[in-house]
Amino acid sequence: EMCARWHQLGAFYPFSRNHNIIGALDQDPGSWGTDSLVARVARDAIKVKYSLLPYIYSQFYNSYNQGGTVARPLWHEFPTDEQALGVDNQFLLGPAVLISPILEEGAIRRTVYLPPGDDTIWYDAITGEKKSGLIEVESDLQNPSHTTPLHIRGGYILPIQDPETKNTVQQRATRALSLLVYLDSKSEARGNLYLDDGESDNFNLYSQFDFQAAPGVMELETVMNNYDDAQNWRIDFIRINGVQDPVGKVEINGESTNLFNYYPDMEILDILPQNLAITEASIITWQPDQP
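All figures in this text were calculated on a predicted structure; none of them were measured in a lab.

Turning our attention to the side chain of His 151. Counting through the fold element by element, His 151 comes out in strand 8 (residues 150–153). On the accessibility criterion, His 151 (1% relative accessible area) is buried. Beyond its immediate stretch of four places on either side in the chain, His 151 contacts Ala 96, Val 97, Leu 98, Val 112, Leu 114, Trp 122, Tyr 123, Asp 124, Ala 125, Lys 131, Ile 135 and Val 137.

Counted under the stated rule, the structure contains seven aromatic pairs. Ring plane angle 40° and centroid distance 6.2 Å describe the contact between Phe 78 and Trp 122, whose orientation is recorded as tilted. Here Phe 78, found in the loop between helix 4 (74–77) and helix 5 (82–85), pairs with Trp 122, found in strand 5 (residues 122–124); they are 44 residues apart in sequence, far enough to count as distant. In this pair, the class of Phe 78 matches that of Trp 122, namely buried. Measuring from centroid to centroid gives 5.4 Å for Tyr 123 and Tyr 182, while their planes differ by 55°, and the two rings are tilted. Linking Tyr 123 in strand 5 with Tyr 182 in strand 10 (residues 176–182), this pair joins segments that are 59 residues apart in sequence.

Another aspect to go through is the pattern of salt bridges. One pass over the full model with this rule turns up eight salt bridges. As a salt-bridge pair, Arg 109 and Glu 138 come within 3.2 Å of each other at their nearest N and O atoms. On the criterion of sequence distance, the pair formed by Arg 109 in strand 4 (residues 109–114) and Glu 138 in strand 7 (residues 133–138) is long-range, its members being 29 residues apart. Arg 109 gets classed as partly exposed once you look at its relative accessible area, which sits at 43%. When the shortest N-O distance is used, the salt bridge between Lys 130 and Glu 267 registers 3.0 Å. Of this pair, Lys 130 sits in strand 6 (residues 130–131) while Glu 267 sits in the loop between strand 17 (260–263) and strand 18 (268–271), placing them 137 residues apart in sequence. Through salt bridges that share partners, Arg 72, Glu 77 and Arg 153 make up one connected network.

Scoring rules and cut-offs
Residues numbered from 1 in each chain as written. Predicted model: local features only at pLDDT ≥ 70, side-chain atom pairs only at ≥ 80, totals over all residues. Heavy atoms only, no water. Helix = DSSP H or I, 4+ residues; strand = E, 2+ residues; numbered from the N terminus. Buried < 20%, exposed > 50% of the residue type's maximum accessible area, 1.4 Å probe, protein only. Contact = heavy atoms within 4.5 Å. Phe/Tyr/Trp six-rings, centres within 6.5 Å; stacked < 30°, edge-to-face > 60°. Salt bridge = Lys/Arg side-chain N within 4 Å of Asp/Glu carboxyl O.

Shape is all these values report; function is a separate question.
What follows is the structure, given as structure tokens:
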């Protein structure tokens, strides 16, 4: 049980390694059997981490370029929140992804602290539900649909990838990304993407993209484009969380598209761009239903 729990935590460390010493009992997931609880739990957590790699990789660029950390305690983002000062069993990846593992033997629930703020909204990473303050979460190892409790901070845009097809540099041949947008209380969000070939040590061969969302609009901008293969990368899915008004019209670069769905109960807008090159400046707009 505890080996599975520690894999649920360790998968989300920026540098993840199952470390052991000669003569100690085996503890890697495979040693328990490929169909074991430990292997399944570790595999599920690692898949979530791999889906977040474009976001995490970009955080390493931000850390190198701007300072700060990739993994950080809550009080780094909420320095005036006295309650956040005492939280030592949750941590953030970048400013947006909050990891709250269960680390007590026999436990399937825990209390999670989601710091409030003037514009702060937190979203359940699985359901998209809005949360705030002290909440209780459940992660039952016997339930295959449960994994490490994650929450996303409103106001941020996360580039993600398909973890099933992109576990190595060679498997990135699909060159497709998704954008997950989490609006804050002002219906705004921002994010960035750092992209390179994943192998070269030439630090000048990279591309950087900024994303900005405001009420009814999102803009994609190329800041730097020295990585030639970036022109072949596409955005094939956009999910915007926190869209309160029903959407009746979506335009991509001024052209109307019917490839979208709005889910009023969840306040989620899904958009399926067609061949949207990440290197091209793009504007996506959405408008409410007309009476």
